[in-house]
Amino acid sequence: MMGKMRMHSASWRAATVLASVLLVGTMAACGNSDTGGGGTKDDGKITMGFSQVGAESGWRTANTTSIKESATAAGIELKFDDAQQKQENQIKAIRNYIQQKVDVIAFSPVVESGWDTVLKEAKDAGIPVILTDRSVDSADKTLYKTFLGSDFVKEGKLAGEWLVEQKKTATGPVNIVELQGNTGAAPANDRKKGFGEAIAANPNLKIIASQPGDFTRAGGKQVMEQFLKANKQIDVLFAHNDDMGLGALEAITAAGKVPGKDITIITVDAVKDGMQALADGKFNFIAECSPLLGPQLMDLAKKVHAGETVPARIETEETTFTQEQAKEALPNRKY
Ligand code: AHR
């Protein structure tokens, strides 16, 4: 009897030790708190909180689709918020994601400045942040893990260089009007800078008017109407995106001018509608900006969640299109 009891308590102790070992092993494998995730739930699935700028353009719609489809394909649970072009909405969404203890926060900042406080809150909560599409001007680069997106200065430069080449034989002034993106946005600041630097090569090229059209068709149309009223001779329009260029087409046609001929039109993005306008001879040149950032973003989210080091800057590959190139590319254009 005694022998039997001793045997029982020995195997009980062994079972207890085994259970503890298994429990510790499982917790370590889940890596709940030390892998860069701020989450407390541990079902193995990564949760991403994403704050989108809005739905202002064809580019943005394609970008949102890319992010949603890629999250599903990557098995990442996506919490998505549309900030309707307002920084305060983005800050609110990010704070909500921090409270919800998501594993990763990603966002496309509507403007460049004013993010330090909320980014610090995310960092203090142990939640990694990925910037996508647009960057911030924070001096402290440790507030986010990486920035995935285009080189907007380069896009503006490519647009300007094409114009310099087209107008190299011009003997008199070439009057340019510029439709900027929303005030304070990285693509508006950077495209303006790149374009301005490139056209400085020819003193005949002059920007005679420059105003924000907020990256929307309505904005582009309205501001172009004002430009046409205020300026007798407009030779070139540089629009910071296709949508503003498309809105401007309406204003130009209504003013009795032929877009693409009376006024040379240069835009950025290369979404389907813009490419169609280029192929139809209404636009003259487009510098591409790719919205298909979803697959790379999800890949980065998995890496930062696993505690891997990722490059601080990942630049999107892009090209440019003339009218002939647009005709060729259009049938296979995905967005
Ligand atoms: O940040 C990318 C820019 O934002 C696109 O060029 C524009 O179309 C969008 O609204």
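Worth saying up front: this structure is predicted, and the values here are computed from it rather than measured.

With mixed pairing, six strands are arranged side by side in an open sheet as 7-6-8-9-10-12. Each edge of the open sheet carries a strand with a single partner, namely strand 7 (205-212) and strand 12 (320-321). In the sheet, strand 9 (residues 264-269) pairs with strand 10 (residues 285-288) via four bridges, with the strands oriented parallel. Across the sheet, residue Val268 finds its bridge partner in strand 10, namely Ala287. Lying over the sheet, helix 8 (residues 242-254) contacts strand 6 (174-180), strand 8 (236-239), strand 9 and strand 10, oriented at roughly 155 degrees with respect to strand 9. Packed on one face of the sheet, helix 9 (residues 272-279) meets strand 10 and strand 12 and runs near 150 degrees to strand 10.

This part covers the pairing of strand 5 (residues 146-149). The two faces of strand 5 match: Thr146 and Leu148 on one face and Phe147 and Gly149 on the other face are all buried. Bridge analysis of strand 4 (residues 129-132) against strand 5 gives three bridges, and the strand direction is parallel. By the bridge assignment for strand 5, Thr132 is matched with Leu148. In terms of strand pairing, strand 5 meets strand 11 (residues 313-315) through three bridges, oriented parallel. Bridge pairing in strand 11 links Gly149 to Glu315.

As a further point, take the confidence of the model for the protein. Mean pLDDT over the protein works out to 90, with 87% of the residues at or above the 70 mark. The lowest-confidence element of the protein is helix 1 (residues 2-30), averaging 40 in pLDDT; the highest-confidence one is strand 8, averaging 99. Under a pLDDT of 50 for its full length, residues 1-40 has, in the predicted model, 30 contacts with residues more than four places off or in other chains.

To continue, consider the sheet that holds strand 1 (residues 47-52). Taken together, the six strands give an open sheet; going across it, the order is 2-1-3-4-5-11, and neighbouring strands pair in parallel fashion. Of all the strands in the sheet, the pair left with one neighbour each is strand 2 (77-82) and strand 11. If you compare each strand with its neighbour and ignore which way they point, the axes differ by 20 degrees on average.

The terminal C-alpha atoms of helix 6 (residues 186-199) lie 20 Å apart, and with 14 residues this matches the ideal 20 Å at 1.5 Å per residue to within 8%. Residues of helix 6 that are buried include every one of Ala186, Pro187, Ala188, Asp190, Arg191, Gly194, Phe195, Ala198 and Ile199, and no others. Along its buried surface, helix 6 packs onto helix 5 (152-166), strand 6, strand 7, strand 8 and strand 9.

What follows deals with the pattern of salt bridges. For the structure on display, the rule yields 19 salt bridges. For the salt bridge of Lys157 with Glu197, the shortest nitrogen-to-oxygen distance reads 3.4 Å. Remark: Glu197 occurs in helix 6 and Lys157 occurs in helix 5; sequence separation between them is 40 residues. The exposure class assigned to Lys157 is partly exposed, which follows from its relative accessible area of 31%. Looking at Glu197, the relative accessible area reads 39%, which means it is partly exposed. Among the ionic pairs, Lys303 bridges to Asp299, the shortest N-O distance being 3.5 Å. With Lys303 and Asp299 both in helix 10 (residues 294-305), this residue pair falls four residues apart, about one helical turn. Assessed through its relative accessible area of 39%, Asp299 is described here as partly exposed. A network of salt bridges, in which partner residues are shared, links Glu56, Arg60, Asp133 and Arg134.

Inspection of the secondary structure puts Asn231 in the loop between helix 7 (217-230) and strand 8. For Asn231, a relative accessible area of 17% puts it in the buried group. Side-chain polar atoms of Asn231 contact the backbone oxygen of Phe227, separated by 2.9 Å.

Moving on: the packing of aromatic side chains. Within a pair of aromatic rings, the relevant descriptors are the distance that separates the centres and the angle that separates the planes. Throughout the structure, instances matching the rule amount to four aromatic pairs. An angle of 15 degrees between the planes, with centres 4.0 Å apart, marks the rings of Phe195 and Phe238 as stacked. Within this pair, whereas Phe195 is found in helix 6, its partner Phe238 is found in strand 8, the two being separated by 43 residues in sequence. The residues Phe195 and Phe238 share a single accessibility class, namely buried. The lysine or arginine in question, Lys68, covers the ring of Phe80, its NZ or CZ lying 4.4 Å from the ring centre.

Rules and cut-offs
- Residues numbered from 1 in each chain as written.
- Predicted model: local features only at pLDDT ≥ 70, side-chain atom pairs only at ≥ 80, totals over all residues.
- Heavy atoms only, no water.
- Pairing = 2+ DSSP bridges.
- Helix = DSSP H or I, 4+ residues; strand = E, 2+ residues; numbered from the N terminus.
- Contact = heavy atoms within 4.5 Å.
- Axes fitted to C-alpha atoms, helices over the stretch in contact; angles between N-to-C directions.
- Buried < 20%, exposed > 50% of the residue type's maximum accessible area, 1.4 Å probe, protein only.
- pLDDT = per-residue confidence, 0-100.
- Expected span 1.5 Å × (residues − 1).
- Salt bridge = Lys/Arg side-chain N within 4 Å of Asp/Glu carboxyl O.
- Polar contact = N/O pair within 3.5 Å; in protein donor to acceptor, adjacent residues only side chain to side chain.
- Phe/Tyr/Trp six-rings, centres within 6.5 Å; stacked < 30°, edge-to-face > 60°.
- Lys NZ or Arg CZ within 6 Å of the ring centre and 35° of its normal.

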